[in-house]
Amino acid sequence: MAVARPAPHAALEHLTVLYRGPLSSCNYGCPYCPFAKRRESPEEQEADRAALARFVAWVEAQPFEVSVLFTPWGEALIWPRYQQAVTHLSRLPHVRQVAIQTNLSGPLGWLADAGRTRVGLWATYHPGEVSLERFLTRTRELDALGARYSVGVVGVPAHLPDIQALRDALNPATYLWVNAFHDGRPYTRAEREALTRIDPLFEVNIRRYRTRGQPCAAGDTAISVDGHGTVRRCHFIPVPLGNIYEQDVRDLLAPRPCARPTCHCHIGYVQLPALGAQDVYGAGLLARIPEGPDWADPGAYLDRARQLWRAGATPR
Ligand code: SF4
Ligand code: SF4
């Protein structure tokens, strides 16, 4: 029996690409992280450089609009090659957005040469690795450069005073997201309320949505790409769809229901059409910067998240 092929996306207007190359190292030493204080050999550095250059060239050659989110294993933005890649992509007319996850420890001056309305930084604060004052100094540098960024933390209950201090000292216009901490005891009601006062969208992240069979844009208008060019629909489903260097990516895209039991990570669930995350995040979706029309009143977004959860998700 013939296997059904996805319908080609000849008229594709825009594709979101989450890129994660071979880089797997970090200058920070977070105790729970496999990349902490890991250094790469010159050969590994070169392999990452070559993979990044090939990916950037691929983006440059596409006939449709592209948005890119770099989600490295470790810290990439300390390296000039990533600063240059983000800068270069931000200047291409068909690149809508280029975002990158970072601990914000590296140089920031390169942003002056980038297309700053298109660059978004997903900056995470790691108490224990950097002082609050040092981190805030970096955010003030971003403000002075006119950069777009979000700031986030993991909502470890014991860190609540640090998280509150960060919120109090951060530019009031800067969104501070809080990721639910998975590995500890359940939050108390008081902790949930405190974290929700800090991040009005915290309750969206605290849930584990039961997504198997749900329509998801991942694999249709959003993909994950590794350093070899292997395409997967998202970072959470390992089955390859093909390779951007060997095929026209449009031939790999098709609407597909989610194949995983659950999805609980921001970069995943924002691709669920039923959640309508675009209404709150707008152009800032990839860098987690709420810039959409509903950010002023995200009640409808929160309601949709609750409906998704009631439709079969489990609390955690
Ligand atoms: S900053 Fe991020 S990548 Fe680096 S050690 Fe900490 S958690 Fe890991
Ligand atoms: S719901 Fe999450 S796990 Fe499922 S396809 Fe979408 S992004 Fe991937």
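For the structure, check the block above.
Note that the coordinates shown come from a computational prediction; the quantities given were computed from them, not determined experimentally.

(A) Quick peek at the pattern of salt bridges. Counted according to the given criterion, the structure contains 15 salt bridges. With a closest N to O distance of 3.0 Å, Arg140 and Glu133 form a salt bridge. Given a relative accessible area of 43%, Arg140 falls into the partly exposed group. Between Asp303 and Arg306 there is a salt bridge, with the nearest N and O atoms lying 2.8 Å from each other. Of this pair, Asp303 and Arg306 both sit in helix α9 (residues 299-310), three residues apart, roughly one helical turn. Asp303 gets classed as partly exposed once you look at its relative accessible area, which sits at 37%.

(B) Region of the structure containing the pairing of strand β13 (residues 237-243). Pairing of strand β12 (residues 230-234) with β13 involves four bridges; the strand directions are antiparallel. Counterpart to Arg232 in the pairing with β13 is Pro240. In textbook terms, the turn of a hairpin is the stretch between consecutive antiparallel strands, and for β12 and β13 this stretch comprises two residues.

(C) Geometry of the site of ligand 2. Lining the immediate environment of ligand 2, one finds Thr211, Cys216, Ala218, Arg233, Cys234, Ile237, Cys258, Arg260, Cys263, Gly268 and Leu272. Judged by the proximity of its atoms to the pocket grid, ligand 2 belongs to the largest cavity. Class assignment of the residues belonging to the shell around ligand 2 gives a composition of seven nonpolar, two polar and two charged.

(D) Quick look at the nonpolar core. Judged by nonpolar contacts, the single largest core of 66 residues is most densely connected at Leu15, Phe55, Trp58, Phe70, Tyr82, Leu121 and Leu166. If one sorts the elements of this core by residue count, helix α1 (residues 42-61) sits on top with six residues.

(E) Molecular detail of the site of ligand 1. Taken together, Cys26, Tyr28, Cys30, Cys33, Ala36, Gly74, Asn103 and His126 form the complete shell of residues around ligand 1. A per-class count over the shell around ligand 1 returns five nonpolar, three polar and no charged.

(F) Region of interest: the packing of helix α4 (residues 160-169) against helix α5 (residues 189-198). Relative orientation of the contacting elements α4 and α5 amounts to 20°, with a least axis distance of 10 Å. The angle between α4 and α5 falls in the class roughly parallel. Note on packing geometry: the crossing formed by α4 with α5 is left-handed. Contact with α4, carried on its side by Leu160, Ile163, Gln164 and Arg167, involves Glu191, Ala194, Leu195 and Ile198 of α5 and no other residues of that element. Of the residues contributing to the contact of α4 with α5, the split by class is five nonpolar, one polar and two charged.

(G) The arrangement of the layout of surface pockets in detail. The space that makes up the largest pocket amounts to roughly 1,300 Å³. Lining the largest pocket are 44 residues, and of these Tyr32, Thr124, His126, Val154 and Asn179 sit closest to its centre. Counting only elements with at least two residues in the lining of the largest pocket, the list comes to β4 (73-74), β5 (95-102), β6 (119-124), β7 (148-155), β8 (176-180) and α7 (266-269). Per element, the largest residue contribution to the lining of the largest pocket is three residues, and it comes from β8. Split into classes, the residues belonging to the lining of the largest pocket amount to 24 nonpolar, 14 polar and six charged. As a volume, the second largest pocket reaches approximately 360 Å³. Residue lining of the second largest pocket: 19 residues in total, with His14, Thr16, Gln271, Gln278 and Leu285 positioned closest to the centre. Elements that contribute at least two residues to the lining of the second largest pocket include exactly β1 (14-20) and β5.

(H) Structural view of the side chain of Thr71. Inspection of the secondary structure assignment puts Thr71 in the loop between β3 (65-70) and β4. One polar contact links Thr71 to His235, side chain to side chain, over a distance of 2.6 Å. Those residues in contact with Thr71 that sit more than four places away from it in its chain are Leu18, Tyr19, Arg20, Gln101, His235 and Ile267.

(I) Local environment of helix α3 (residues 132-145). Compared with the 20 Å implied by 1.5 Å per residue over 14 residues, the 20 Å span of α3 between its first and last C-alpha is a close match. Those residues of α3 that sit buried are Phe135, Leu136, Arg138, Thr139 and Leu142. One face of α3 carries all of its buried residues, which in axial projection span an arc of 155°. Of the surrounding secondary structure, the elements contacted by the buried residues of α3 are β6, β7 and α4. Looking one or two residues past α3, Gly146 carries a phi angle of roughly 70°, positive in sign.

Here is what the cut-offs are and how they apply
Position labels on residues start from 1 in each chain and follow its written sequence. Key to labels: chains lettered from A, ligands numbered from 1, both in the order written. Selection of residues for local features in this predicted model requires a pLDDT of at least 70, selection of side-chain atom pairs for listing and counting requires 80 or more, and totals for whole chains, interfaces and linings are taken over all residues. Heavy atoms from the whole structure form the basis of all side-chain values; hydrogens and water molecules are not counted. Each salt bridge in this description consists of a side-chain nitrogen of Lys or Arg and a carboxyl oxygen of Asp or Glu lying within 4 Å of one another. Think of it in three bands: residues with accessible area under 20% of the maximum for their type are buried, residues over 50% are exposed, and the middle band is partly exposed, with areas taken using a 1.4 Å probe on protein chains only. Numbering goes from the N terminus for both helices and strands, where a helix is a DSSP run of H or I of at least four residues and a strand is a run of E of at least two. Only strands that DSSP links by at least two bridges are regarded as paired with each other. In these notes, residues near a molecule or strand are those with any non-hydrogen atom within 4 Å of it. As defined here, a cavity is a set of points on a 1 Å grid over the protein atoms alone where a 1.4 Å probe fits but cannot get out. A pocket is an open set with protein on both sides within 12 Å along at least five of seven lines, and residues line them when an atom is within 4 Å of a point. In this scheme, a molecule is assigned to a cavity or pocket if more than half of its atoms are within 2 Å of the grid points. Residue polarity is assigned by list, with Asp, Glu, Lys and Arg as charged and Ala, Val, Leu, Ile, Met, Phe, Trp, Tyr, Cys and Pro as nonpolar; anything else, Gly included, falls into the polar class. By nonpolar core we mean a set of buried residues, namely Ala, Val, Leu, Ile, Met, Phe, Trp, Tyr and Cys, connected to one another through side-chain atoms within 4.5 Å. Only the contacting stretch of a helix is used when fitting its axis, a line to C-alpha atoms as for every element, and angles between N-to-C directions run 0 to 180 degrees. The cut-offs work like this: below 35 degrees is roughly parallel, past 145 is roughly antiparallel, 65 to 115 is roughly perpendicular, and the gaps in between are oblique. Two helices that cross are described as forming a left-handed crossing if the nearer one is turned anticlockwise from the farther one by less than a right angle, and a right-handed crossing if clockwise. We call two residues contacting when some pair of their heavy atoms lies within 4.5 Å. Grid points are joined across faces, edges and corners, and a volume is the space filled by probe spheres set on the points. Identification of polar contacts relies on pairs of N or O atoms within 3.5 Å, with a donor-acceptor requirement for protein atoms, meaning one able to donate a hydrogen and the other able to accept it, and with residues adjacent in sequence counted only if both atoms are side-chain atoms. Residue count minus one, scaled by 1.5 Å, sets the expected span of a helix. By construction, the arc corresponds to the directions joining the helix axis to the C-beta atoms.

Keep in mind that these numbers describe shape and distance, not what the molecule does.
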